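# Topology and contacts: notes
These are the residues of each chain, in order.
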Amino acid sequence: MKIHEYQAKALLAEYGVPVPRSEPVFSVAEAKGAAERLGGRVVVKAQIHAGGRGKGGGVRLADDALTAAATADQILGMTLVTPQTGPNGRVVSRLLIEEGLDIASELYLGLLIDRASQRPVLMMSAAGGMDIEQVAEETPDQIHRISIAPGLGLAPFQARQLAAAVGLRGKPAAQAAALMLRVWQAFVARDASLVEINPLVVTVDEEVLALDAKVTLDDNASFRNPGLRELRDLDEEDALEIEASKYSLSYIRLDGSIGCMVNGAGLAMATMDIIKLSGGEPANFLDVGGGANAEQIRNAFRILLSDDKVRAVLINIFGGILRCDVLAEGVISAVTDLGIEVPVVIRMEGTNVDEGKRMLRESGLNFTTADSMGEAAQHAVRLSGKEAGR
Amino acid sequence: MAVLLTRNTRLLVQGITGREGSFHALQAAEYGTQVVAGVTPGRGGGAQDGVPIFNTVAEAVRETGANASVVFVPPPVAADAVMEAADAEVALIVCITEGIPTLDMMRALEFLRGRQSRLIGPNCPGLITAGQGKAGIIPGHICQEGRVGVVSKSGTLTYEAIHQLTQLGLGQTTCIGIGGDPLIGTSFIDALELFEADDETEAVVLIGEIGGHAEEDAAAYIKQQVQKPVVGFVAGQSAPPGRRMGHAGAIISGGQGTADSKMVALSAAGVDVVRSPAEIGEAVAKRLSG
C-alpha cells in the first residue's frame, strides 16, 4: 500500500528518523497558519501518490506566510501531471507545509527486499534528488549497496561503511549512520516493502534529515499493523477498484472496451493479452478468485459493467475447483437479474464443462460460447466492434 | 521418473482440519497420492477422513515416515509452518497459502538456507506428477501421463497449458507452480535443472509473468545449461506499469519487469516464445515433432 509523504515522514519520525518540521493541510487557511508557525519561509508540497512532483509544479518555495497561502491556493485542486501519474494526472487535495532548510548536499537512501538475494538491501548514492533508476542506468557505480542478514538486521558498522562510501565525514557521517539504523527499525516494525528517502539532505549546520520520504507498506501484513487502514487515501484510488476490493475481487480499470472476468491472476493477464492480440482492447483486469460463487459473479458483472466503455464481456474460467455448472448458474442468474444487454462471450473449461455449456445453451439468453481462449477473444472483439458501430 | 514427487512420496498435510486442507487432502488421496499424516496443533490423536492427525510435524514424520508436506495454514502462521516442516527435515515442502507477509517469508527462506528441504511456493497451486500423485490444488483430471514438464508462476494459466498438452496427447511428467510472490523457494532455474536431468521429460513449458527478473535469469541459464526444447509464455504483455496485477510479485516498477524484456531474453536463449496463451501446446507439439 502506498502512503503520502507526510504519512511516511510521521511513520519514520516515530522511530527517531529526523525530518524537517512540517504540517499537513487541506485548505488555504490551514496552509497560511502552518506557514506562520513554521517561520514563514516554507516549501509547499502537493501530496499525491506519485513521484516527480517538482517537475509538474507541485513543490514550490514561499518566502512568507502570505505567499505560502497564495501558492497553496494555486496547487490545491490542480491536476498535477508528473512522469509517474500518467497523462491524466492526479487532483491535489492535500498539501504538506514544511520549513525551508539551508541545504549543503543531497543524497539518496533506499531500503527494499531484493528478490534475487531474498534479503533486504540498503542503497545509498551521492546523487541525491535524482531519479534513482536513471542513476542506476547511467552511473551504476554511484550506487552503493549492502545486503542485510535477515536474522541479524542492519549492523552499525554496515551503516558506517555506507555513509563513508557516499563521501560523508565527521558529524554528518555519524548522523547518517544513526538514521539508517532507525530506518531499518521502522522498516521491520511496520512491515514496509520499500523506504526511499530522496533526497536525504545534509544542511549547512551539518544536520542530516529526510527531506522527502516514500514508504510502501506490505498489504499482507495489515493484520498486525492495525493503524495501516487509516493511512489509506481513497481519493488516490479508482472508485470501481474500491468497490471491487469490498468483495475481494481483484479489479484494475483499463481503457479498452472488452470487459474481462477471469479466475486466477495469471489467466486474467493472459486473457487481456489475447484480446489485444486479436485486435481489441481490454477494459479491465478482473480476477474473481478460485472459489467464486454465484454472488461473486453477480458482483463482478455489476462492477465491470459500471464502466460505460464496456461494449462486450468476455468470461474466461478454467474450472479446477470451481465447477463449470456452478459458474453457468451464476452467469445466467446475474445476466437475468441485472438485465445485461451487452454481448457476453463465455469460454469455460474444466470440471463439469458439458453440463455448464448445456445450461448456457438452454437458458434462452444471448450468450456466445467458445471452446478455446483464441476463439473467445475473436468473438469478443467482433461483438464489441458491432456494438460500437450501432 | 518425473521430478520431486512420485507414487512413493509420503505426503503430510499441515492444516488438514481446515476447509482447504481437508478438501485437498481428499483430492490428493483420490488421485493416488499416499496421504499419510495431517498436522493441526492441538488436534493430535484424532483423524481426518481416516488420516491420523499429529500435533507437530516432527511427530508426524517420526510416526509415518512422511517425506513431503503441503501447507494449507492461514497467512499469519504459514511461514512458521514452513519452518516447522524444514526443522523436521521434510524433503519437499509445498506452501499453497496466499498472502504471507514478505518479511515472514524472508525469515523462513533464511531458515531454509543450509537445510536439505526444498520449498515450492508460497502463493502457488503446488505440483502434480501425472498419474502418480500431487501436493496442492492442481486438478488431477486435466493431466495425462506424458512427456512435458511444466513450470509456472501462475495457477489457472498453468491448468490452461496442462489442458492444451493433454488435448494434443503430449501429456505431462511433472507440473510445478512456483508461485507469484516476490520471494519464493524454488525458482524457474531450479525447476529447469530438475527437468533437464529427468529422463522422461522431453520438453519444458515455462510460464512467466511481469515483475522481477526471474524469467531473464532463467533465459541466461537455459542458454548455458538446457539442451531440451523450452516453450515460453509471459503473461502481462498488455499490463499497465506500476499496477500490481493480482499476484504480489506481478508489477512493472521503474520500467523493470516488463513482459517485453522477458520475452526478448527468452527468445535470445533459444526458447520458443509464444505471444498467445492459446498456442502453448501447439508450439510444444511442433518442437517435439521437428
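Presented here is a report on the structure given in the accompanying data block. It should be emphasised that the depicted structure is a prediction, and the values quoted were computed from it without experimental measurement. (Residues numbered from 1 in each chain as written. Chains lettered and ligands numbered in written order. Predicted model: local features only at pLDDT ≥ 70, side-chain atom pairs only at ≥ 80, totals over all residues.)

### Regarding the overall build of chain A
- When you go through chain A residue by residue, the secondary structure sums to twelve helices and 18 strands.
- Considering only C-alpha atoms, chain A reaches an extent of 80 × 50 × 40 Å along its principal axes.
- For chain A, buried positions account for 47% of its 390 residues.
- For chain A, the proportion of contacts with a sequence separation of at least 24, taken over those separated by at least 6, is 69%. (Helix = DSSP H or I, 4+ residues; strand = E, 2+ residues; numbered from the N terminus. Buried ≥ 20, exposed ≤ 12 C-beta atoms within 10 Å, placed from the backbone. Contact = placed C-beta atoms within 7 Å.)

### Topic: the interface of chain B and chain A
- Across the boundary between the two partners, chain B contributes 46 residues, which contact 43 residues of chain A.
- Elements represented by at least two residues in the side of chain B that touches chain A include exactly α3 (75-87), α4 (102-112) and α5 (156-167) of chain B.

### Details of the nonpolar core
- Counting residues in each nonpolar core, the largest one holds 155 residues, and the members touching the most others are Leu286(A), Leu314(A), Val71(B) and Val82(B).
- In terms of residue count, helix α8 (residues 265-277) of chain A provides more of this core than any other element does, eight residues in total.
- Beyond its immediate sequence surroundings of up to four residues, Val71(B) is in contact with Gln14(B), Gly15(B), Ala78(B), Ala81(B), Val82(B), Ile93(B), Val94(B), Cys95(B), Ile96(B) and Thr97(B).
- In terms of nonpolar packing, the next biggest core, distinct from the first, is built from 43 residues, Val17(A), Met124(A), Ala163(A) and Met180(A) among them. (Core = buried A, V, L, I, M, F, W, Y, C linked by C-beta atoms within 7 Å.)

### Quick look at the pairing of strand β15 (residues 284-287) of chain A
Residues and elements named next belong to chain A.
- Where burial is concerned, the two faces of β15 agree: the one with Asn284 and Leu286 and the one with Phe285 and Asp287 are both buried.
- Pairing analysis gives four bridges linking strand β13 (residues 250-253) to β15, with the strands arranged antiparallel. Bridge assignment links Ser250 to a residue of β15, and that residue is Asp287. (Pairing = 2+ DSSP bridges.)

### Here's the deal with the pairing of strand β11 (residues 172-177) of chain B
Residues and elements named next belong to chain B.
- Counting buried residues in β11 gives six out of six residues, a clear majority hidden from the surface.
- Bridge count between strand β10 (residues 145-152) and β11: five bridges; the pairing is parallel. In the sheet register, Val148 faces β11, and the bridge partner there is Gln172.
- What joins β10 to β11 is α5, and the crossover it makes is right-handed. (Right-handed = clockwise from strand over helix to strand, strands pointing away.)

### Here's the deal with the sheet that holds strand β1 (residues 10-14) of chain B
- Strand order in the open sheet made by the seven strands is β3-β4-β2-β1-β5-β6-β7 (chain B), with mixed pairing throughout. Since the sheet does not close on itself, it has two edges, and those belong to β3 (47-48) and β7 (118-120) of chain B, each with one partner.

### Focus on unusual backbone geometry
- Here the amide bond leading from Asn198(A) into Pro199(A) is cis, since omega sits at 10 degrees, within 30 degrees of zero.
- With respect to the helices and strands, Pro199(A) occurs in strand β10 (residues 192-203).
- Geometrically, the link from Gly121(B) to Pro122(B) is a cis peptide bond, its omega value of 10 degrees lying close to zero.
- Structurally, Pro122(B) is set in the loop between β7 and β8 (126-129).
- One non-glycine residue with positive phi stands out, namely Leu4(B), at about 65 degrees.
- Looking at where Leu4(B) falls in the secondary structure, it is placed in the segment before β1.
- Notably, Asp49(B) is not glycine yet its phi reads approximately 50 degrees, a positive angle.
- Structurally, Asp49(B) is set in the loop between β3 and β4 (51-54).

### Quick look at the environment of Arg298(A)
Residues and elements named next belong to chain A.
- Looking at the secondary structure, you find Arg298 in helix α9 (residues 294-305).
- Taking the C-alpha atoms as reference points, Arg298 and Val331, 33 residues apart in sequence, are found 7.3 Å from one another.
- Apart from residues no more than four positions distant in its own chain, Arg298 is found in contact with Gly330, Ala334 and Asp337.

### Notes on the sheet that holds strand β9 (residues 133-136) of chain B
All names here are of chain B.
- If you trace the seven strands from one edge of the open sheet to the other, you get β9-β8-β11-β10-β12-β13-β14, paired in mixed fashion. Whereas interior strands pair on both sides, the edge strands pair on one side only; in this sheet they are β9 and β14 (272-273).
- With five bridges connecting them, β10 and strand β12 (residues 203-209) associate as parallel partners. Looking at β12, one finds that Val150 is bridged to Val205.
- Strands β10, β11 and β12 of the sheet are contacted by helix α6 (residues 188-197), whose axis makes an angle of about 160 degrees with β10.
- Here helix α8 (residues 259-268) sits on the sheet and contacts β12, β13 (230-235) and β14; the angle it forms with β13, its principal contact strand, is near 170 degrees. (Axes fitted to C-alpha atoms, helices over the stretch in contact; angles between N-to-C directions.)

### Observations concerning the packing of helix α7 (residues 214-225) of chain B against α8(B)
Residues and elements named next belong to chain B.
- The contact between α7 and α8 brings their axes to 8 Å, and the two run at 5 degrees. Comparing their axes, α8 and α7 come out roughly parallel. Residues Glu215, Glu216 and Ala219 of α7 pack against Ser261, Lys262, Ala265, Leu266 and Ala268 of α8.
- Grouping the constituent residues of the contact of α7 with α8 by class yields four nonpolar, one polar and three charged. (Parallel < 35°, antiparallel > 145°, perpendicular 65-115°, else oblique. Nonpolar A, V, L, I, M, F, W, Y, C, P; charged D, E, K, R; others polar.)

### Looking at the environment of Arg107(B)
- Mapped onto the secondary structure, Arg107(B) falls in helix α4.
- When the C-alpha positions of Arg107(B) and Met83(B) are compared, they lie 9.1 Å apart, and in sequence the two are 24 residues distant.

### Section: helix α5 (residues 156-165) of chain A
Residue and element names in this part refer to chain A.
- Inspection of α5 places Gln158, Ala159, Leu162 and Ala163 among the buried residues, and these make up the whole buried set. Projected down its long axis, α5 carries its buried residues within an arc of 135 degrees, all on one side. Facing away from the buried side of α5, by more than 90 degrees, are the exposed residues Pro156 and Phe157.
- In this structure, the buried residues of α5 make contact with β8 (119-125), β9 (143-147) and α6 (170-189). (Arc of directions from axis to C-beta.)

### A few points about the packing of α3(B) against α4(B)
Residue and element names in this part refer to chain B.
- In contact at an axis separation of 9 Å, α3 and α4 are set at 5 degrees when each is read in the N-to-C sense. Taken together, the axes of α3 and α4 are roughly parallel relative to one another. Taken together, the residues of α4 that come into contact with α3 (itself represented by Ala79, Val82, Met83 and Ala86) are Asp104, Met105, Arg107, Ala108, Phe111 and Leu112.
- Split into classes, the residues belonging to the contact of α3 with α4 amount to eight nonpolar, no polar and two charged.

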